[in-house]
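Examination of the molecular architecture
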Amino acid sequence: MPSGAKGRVLRDDVTSYVKRAMGSTQLPPSVAPVSPKPDFEKFGAIERVPLSRIQQITGANLSRNWNMIPHVTNFDKADVTEAEAFRKNLNGEAGEASAKLTMVSILIKAAALALKKYPRFNSSFDQDALILKKYIHIGFAVDTPKGLVVPVIRDCDKKGLIEIASEMRALADKAVGGQLSPGDMQGGCISVSSLGGVGGHGFTPIINAPEVAILGAGRAVTEAVWDGSGFQPRQMLPITLSWDHRVVDGVAAARFLGFVATLLNDLRRYAL
């Protein structure tokens with residue numbers, strides 16, 4: 001507020017304002033980016049579609065996370081030929097009522113084991129410190145008619161693939177039915193987002209704060225891979241890791257994503 005006579009702005013007023021703005025985690029209203037709002041009806045017919053409450057909340061959170069977190073994304077590929085064969089065989093043996101093993105459930109377990117090996121990724125940024133977590137809960141993105149939600153599976157490091165797949169199915173059904181409780185979506189250490197059912201080679205997922213990383217996956221495709229003596233057809237899964245540069249660096253991220261790729265390449269490592 002101006003402190004000078006008759007509402008004049010003094011030098012001390014400007015200095016105080018700048019100090020407050022620099023110490024704030026948000027942009028001051030005067031410099032916050034504002035989207036233009038033209039009169040679209042001037043150009044043709046339009047329809048205004050209200051956003052659902054979930055879409056409004058998700059949009060606000062994504063904007064905050066993208067603006068506040070210095071994102072970097074690493075890209076890699078994982079050979080999932082054997083993992084896909086194992087998954088399909090297991091699902092073929094399971095009954096109709098049993099939860100199907102999906103690549104997302106395999107990714108969730110891989111992410112849990114990677115957090116255990118690289119605990120710095122299992123943290124939250126707190127200004128001048130890191131909050132290191134001793135538990136491993138994994139969120140997974142679910143697309144619902146009302147918008148994207150991220151339910152959380154707890155203690156994934158202590159659960160097998162079938163148990164994770166079963167909990168995934170139950171939470172996904174609750175999500176689609178709009179029955180998730182706030183507790184179902186809290187406490188995640190890292191999130192997994194897959195576009196494998198839709199397609200695409202890769203993408204840069206936005207970190208779900210207060211987590212410091214998110215694992216993404218595209219659709220597996222058959223590629224000719226050199227094995228030292230010839231090219232062999234292999235199922236290759238594009239994977240990505242977006243990470244918070246305040247907490248980890250590129251070397252750590254490459255190791256984390258490489259470890260995930262190694263696990264996906266040979267599921268026997270899950271038992272080690």
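What comes next is a walk through the structure. (Residues numbered from 1 in each chain as written. Predicted model: local features only at pLDDT ≥ 70, side-chain atom pairs only at ≥ 80, totals over all residues. Heavy atoms only, no water.)

So, about the nonpolar core. Counting residues in hydrophobic clusters, the biggest one holds 53 residues, and the most contacted among them are I108, I138, I239, L241 and L264. Elements with a contribution of two residues or more to this core: α4 (103-117), β4 (138-140), α5 (161-176), β8 (190-194), β9 (213-217), β11 (231-244) and α6 (250-265). Of all the elements, α4 adds the most residues to this core, at 11 residues. (Core = buried A, V, L, I, M, F, W, Y, C linked by side-chain atoms within 4.5 Å. Buried < 20%, exposed > 50% of the residue type's maximum accessible area, 1.4 Å probe, protein only. Helix = DSSP H or I, 4+ residues; strand = E, 2+ residues; numbered from the N terminus.)

Inspection of the entire model under this criterion finds four aromatic pairs. Ring centres of Y118 and F259 lie 6.1 Å apart, and the angle between their planes is 75 degrees; on these two criteria the pair is classed as edge-to-face. Here the residue Y118 occupies a position in the loop between α4 and β2 (123-126), and F259 occupies one in helix α6, the gap between them amounting to 141 residues. A centroid spacing of 5.0 Å and a plane angle of 65 degrees characterise the contact between W226 and F231, whose relative ring orientation is edge-to-face. Residue F231 is classed as exposed on the basis of its relative accessible area, which comes to 56%. By the ring-pair criterion, three or more aromatic residues cluster together here, those being Y118, F121, F256 and F259. It is K117 that lies over the ring of F259; its NZ or CZ is 5.5 Å from the centre. (Phe/Tyr/Trp six-rings, centres within 6.5 Å; stacked < 30°, edge-to-face > 60°. Lys NZ or Arg CZ within 6 Å of the ring centre and 35° of its normal.)

What you tend to see is this: most non-glycine residues have negative phi, and most peptide bonds are trans. Cis rather than trans, the peptide bond between A209 and P210 has omega equal to 15 degrees. Phi is positive for Q127, which is not a glycine, with a value near 60 degrees. By the secondary structure assignment, Q127 is in the loop between β2 and β3 (129-132). Note on Q127: relative accessible area 60%, which makes it exposed. A positive phi angle is found at D155, which is not glycine, with a value near 55 degrees. Turning to its location among the elements, D155 is positioned in the loop between β7 (152-153) and α5. The exposure class assigned to D155 is partly exposed, which follows from its relative accessible area of 28%.

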